Amino acid sequence: TINSLVLFSLVLSLGLMVDNSIVIMEGINEYMKQHKKTAYEAAILSVWNYKWPIIAGTLTTVSAFLPMLLVSGILGQFLRVLPITISATLLSSLFVALVILPTLAARNVKVHAREEYARTHEKKHWFTRTMERVKSGYADYLRSVLPTKKRRRKLLLGAWGMFVVSIVIAASGLMRIEMFPPADVDFFLVDIELPAGSVLDDTSAVAARVESVIVAIPEVDNFVTTIGSGSAEHVGSVVVNLVGDDERDRKSYEIVSAIRNDLSAIQGGEVTAEELTGGPPTGAPIEVRIFGQDSKQLVPVAEQTIAALKSFDGVVNIKDNMEDATGEFAFTVDRARANYYGLDVVTIASTLRTAIFGVTATTLNINGDDVDIVVQYDTDQIASAADLERISLITPQGVQVPLKQVAAVSFEPALQNILHNDGRNTVSVTAEIETGVDLQKVLAQFDEAQSLFTFPDGTSLEVGGEVEDIQQSLQETFTSMVVAVILIAFILVLQFNSFRQPFIILFALPLALPGVIIGLNLLRAPLSFAVFIGIVSLTGIVVNDAIVLIDKINKNVKNGMSFIDSIIEGGMSRMQPILLTTLTTIAGIFPLIFADEFWRGLSYTIIFGLGFATILTLVIVPVMYAGLCRDNKCFDK
C-alpha cells in the first residue's frame, strides 16, 4: 500500500537516484567540452566508461538496504517497506541513467561553436570559479601528503582516532538513547482505573474530574469519554482530540506533560495520560519483571519497585499488572483437628469443591444423547460463607463433621489473574519517562535502588522493556550491517578484480560514524532506532563515491600517467560529481527534518554522516590507494 513509510522511502530515494545520472552527465559534459566530441559520441563514451562503476555503486547501495529485511518481529514488519521501495527505485534509476538519459542528451544537448565556447568561458560562472579554487587547494594538499609515508600514517591515525572516540561516546552512556521519540499527533489518551468492584457512578465521578482538567486545555478541539468496559465498571478512558498543528504552539506530547501532574492529583482512582511515539508499538521504556513461585510473595517486591520508580525525577505512568479482584473467601485447615477426625487437606478441598460446583456421578444415554448426572448441594441453601461452614465432611469412620470444626474461613484480597512466564508466577511493573529524560540514567538509579530491596525466598527480578527492544534491534541491525558489508565486498571484488581496492573502500566506511556522533551531539539529538537505520544506509551510500573515484584513478594509471599524478587527477576530476551527489542526497532528505520526529534522527544521521564521509573519502581513499597500490599491486589477479 501507499503509506507514510513508502513516501519517506521515495523522499530518501530522490537524493540517491540522481547520483547515477550526475555521473553520466558529468561524463558527457567532459567529453564534449574537453575532447570536442558530439553529443551522440559523448553519450556513448560516457555510458561505456561509467556503466560498470555506477552499476556496482547501485548494487552496493541496494545491498546496504536489502539486509534490513532480516530484522524480525513487529519492527521488521514496520521497516520492510523501506528496503523494498528504495531498492526498486534505485534499480529503476540505473535504467534511466544508462538508457533514457544518454538518449535525451544525444538528441537535445548542443555543442557550442568554438568562438561562443571561448567567449562564454572568458567570464566563468561563480560556481565554476569556486570549484577551481577548491580543486587547486585540494591538489596542493594531496601533493603534500601522498608522497610521504609519515604524513599518510598521521592522517589515517587521526581519522581512526575520531572513529574510536565516537564509539566511546556512543557506548559510554553520554548520549541519550531513545528507541522511538514521541510523535506530535492530533490526539492523546487518558486512562482511568478505580479499584476492582467500584460501581459505575464512582467511575463517572472520577471521569468528570478528568474532564474538568481537559476542558481547561486551550488546544483541545473535542474529547470522547467512555465509562466502563463490558462488565468492568471500574475503568474508563478519554480520547482527547486537539486542533491542527498549525493552530497550536505546543506539540501533543508537551501538552500531555503539562497536564500530567494535574491528572495524577485526582483522588479516587489511577489516572494516566499517554502520548504516542513514532514507529511501531513497542514495550514501555521501563519494565521490571518479578518472578517467584508464590504470587503473594511478589506483591511486596512490586511495591518496593513502584516506590523506587516514583522517587526518580521524570518517571511517569507507573503501573503494575496486578489486577485486584473483589476479594475471596479462604479456608485455612487446622491440620491437628483434621488429623484427629482422620481427614486430610485433599479430602476437605474435594468435598468443598463438590458441594459448590458438583461432581458428575454418572452418565445416562437417553434417546442416543449422553446426559451427565451432576450431584451437588442445593445452591439455594448456600448463600454465604456461614452456609459453607455447615457443609458436612464424612470421616473414615462414617461420622459427619461440619467444615467449621476443622477449617476457619476468612475474607482476603485476591488478584484478578496470575500471569506466568516460563512456568513461574510473574508480576510486571511498567513506567514511562518524560520527554528529554535519559533512560540510561534512570536505569542506573534503579540498579542502585534494587540493591536495597528485600527479596522473599524464591523471588527474582529482571529489567526489560525498551532496553530489550534496543538490544534486539541493535543486534539485528548489526547483523544486517554485516550481511550488507559482505555483499558490498563481494560486488567490489567483482568490479575491481582485486582484493586491495575493495579493502580501501571498506576501510573508509566506518569513518562516517564520527560525523553522525558529532552532529547528534551538536543538536542534542538522541540515539534512536532511526539513527541505527541511517548508519546502515550510509554503508551503501558512501561506497558509491569511492567506487567512481578509484575507477577514475585506475584508468589514469592504465593510461600511463605517473602514480601520484593519477591519484591527484582522479580526485580533482571526480570531486565535482562526488560533491554534487552528496549535496543532492542531503537536499533530498533535508526537508524530512521538519516532517516527522521519528525520521528526524535518520535525516540527521545521513546529513552529517554523508557530509563527513564525503570529505574523508576525497582524502582517505587517495591516501590508502597511495599506500597499497604502488607498483601495480592493486591490479594483481
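Quick caveat: nothing in here was measured; it's all calculated off a predicted structure. (Residues numbered from 1 in each chain as written. Predicted model: local features only at pLDDT ≥ 70, side-chain atom pairs only at ≥ 80, totals over all residues. Heavy atoms only, no water.)

Student: So, the sheet that holds strand β2 (residues 220-229): which residues are in play, and what are the values?
Tutor: If you trace the 4 strands from one edge of the open sheet to the other, you get β2-β3-β1-β4, paired in antiparallel fashion. Two strands lie at the open edges of the sheet, namely β2 and β4 (270-274), each paired on one side alone. On average, each strand axis in the sheet is tilted by 15° relative to the strand beside it, whichever way the strands run. Note that β2 and strand β3 (residues 232-242) share 8 bridges and pair antiparallel. By the bridge assignment, Phe 223 is partnered in β3 with Val 240. Packing against the sheet, helix α8 (residues 200-215) makes contact with β1 (187-193), β2, β3 and β4, and its axis sits at approximately 165° to β2. In this fold helix α9 (residues 252-264) packs onto β1, β3 and β4, with an angle of close to 170° to the strand it touches most, β4. (Pairing = 2+ DSSP bridges. Helix = DSSP H or I, 4+ residues; strand = E, 2+ residues; numbered from the N terminus. Axes fitted to C-alpha atoms, helices over the stretch in contact; angles between N-to-C directions. Contact = heavy atoms within 4.5 Å.)

Student: Which residues make up the packing of aromatic side chains, and what values do they have?
Tutor: Counted by the stated rule, this structure contains 8 aromatic pairs. With a centroid separation of 6.0 Å and 80° between ring planes, the pair formed by Phe 446 and Phe 453 is classed as edge-to-face. Residue Phe 446 shares its accessibility class with Phe 453, and that shared class is buried. With a centroid separation of 5.7 Å and 45° between ring planes, the pair formed by Phe 503 and Phe 507 is classed as tilted. Taken together, the residues Phe 503 and Phe 507, both in helix α16 (residues 500-508) and 4 residues apart, mark about one turn of the helix. Exposure remark for Phe 503: the relative accessible area of 45% places this residue in the partly exposed category. Pairwise contacts between aromatic rings join Trp 160, Phe 163, Phe 503 and Phe 507 into one cluster. The residue whose ring lies beneath Lys 51 is Trp 48, and the NZ or CZ to ring-centre distance is 3.8 Å. (Phe/Tyr/Trp six-rings, centres within 6.5 Å; stacked < 30°, edge-to-face > 60°. Buried < 20%, exposed > 50% of the residue type's maximum accessible area, 1.4 Å probe, protein only. Lys NZ or Arg CZ within 6 Å of the ring centre and 35° of its normal.)

Student: Mind laying out the pattern of salt bridges, listing which residues take part and the relevant values?
Tutor: Here the structure, examined in full by the defined rule, presents 9 salt bridges. Taking the shortest distance from any N to any O, the salt bridge between Arg 248 and Asp 186 comes out at 2.9 Å. A residue pair is termed long-range when its members are at least 10 positions apart, and Arg 248 in the loop between β3 and α9 and Asp 186 in the loop between α7 (149-171) and β1 qualify at 62 residues. A relative accessible area of 39% places Asp 186 in the partly exposed class. For Glu 219, the salt bridge is made with Arg 250, and the minimal N-O distance between the two is 2.9 Å. In this pair, Glu 219 sits in the loop between α8 and β2 while Arg 250 sits in the loop between β3 and α9, placing the two residues 31 residues apart along the sequence. Each member of the salt-bridge network shares a partner with another, and the members are Asp 184, Asp 186 and Arg 248. (Salt bridge = Lys/Arg side-chain N within 4 Å of Asp/Glu carboxyl O.)

Student: Talk me through empty space enclosed by the protein; I want residue IDs and the actual numbers.
Tutor: Counted by the stated rule, this structure contains 5 cavities of 30 Å³ or more. For the largest cavity, the calculated volume is near 120 Å³. Lining the largest cavity we find 13 residues, and of these Asp 19, Val 23, Asn 544, Asp 545 and Val 548 sit closest to its centre. Those elements that place two or more of their residues in the lining of the largest cavity are α1 (4-33), α2 (39-65), α18 (529-558) and α19 (563-589). (1 Å grid on protein atoms, 1.4 Å probe; cavity = no way out; pocket = protein on both sides within 12 Å on 5 of 7 lines; lining within 4 Å. Points joined across faces, edges and corners; volume = space filled by probe spheres on them.)

Student: A description of α2 should follow, citing residues and the corresponding values.
Tutor: An α-helical segment advances 3.6 residues per turn. Residues three or four places apart therefore align on the same side. The largest bend along α2 reaches roughly 50° and is located at Tyr 50, with the proline Pro 53 sitting one to four residues downstream. Of all 27 residues in α2, 20 are buried; the element is thus mostly enclosed. (Bend = angle between axes of the 7 residues up to and from the residue.)

Student: So what about the confidence of the model for the chain? Which residues, and what values?
Tutor: Put simply, the chain has an average pLDDT of 83, and 93% of its residues get 70 or more. Taken element by element, the chain is modelled with least confidence in helix α5 (residues 114-122), mean pLDDT 50, and with most confidence in α8, mean pLDDT 92. (pLDDT = per-residue confidence, 0-100.)

Student: Can you explain a nonpolar patch on the surface? Please cite residues and give values.
Tutor: A surface patch of nonpolar side chains, about 430 Å² in accessible area, is lined by Val 359, Leu 364, Ile 366, Val 371, Ile 373 and Val 375. For the nonpolar patch, the secondary structure elements donating two or more residues are β8 (359-366) and β9 (369-375). The topology assignment puts Ile 373 in strand β9. (Patch = residues over 30% accessible without salt bridge, like charges linked within 9 Å, V, L, I, M, F, W, Y side chains within 5 Å. Areas by Shrake-Rupley, 256 points an atom, 1.4 Å probe, with all protein chains shown as cover.)

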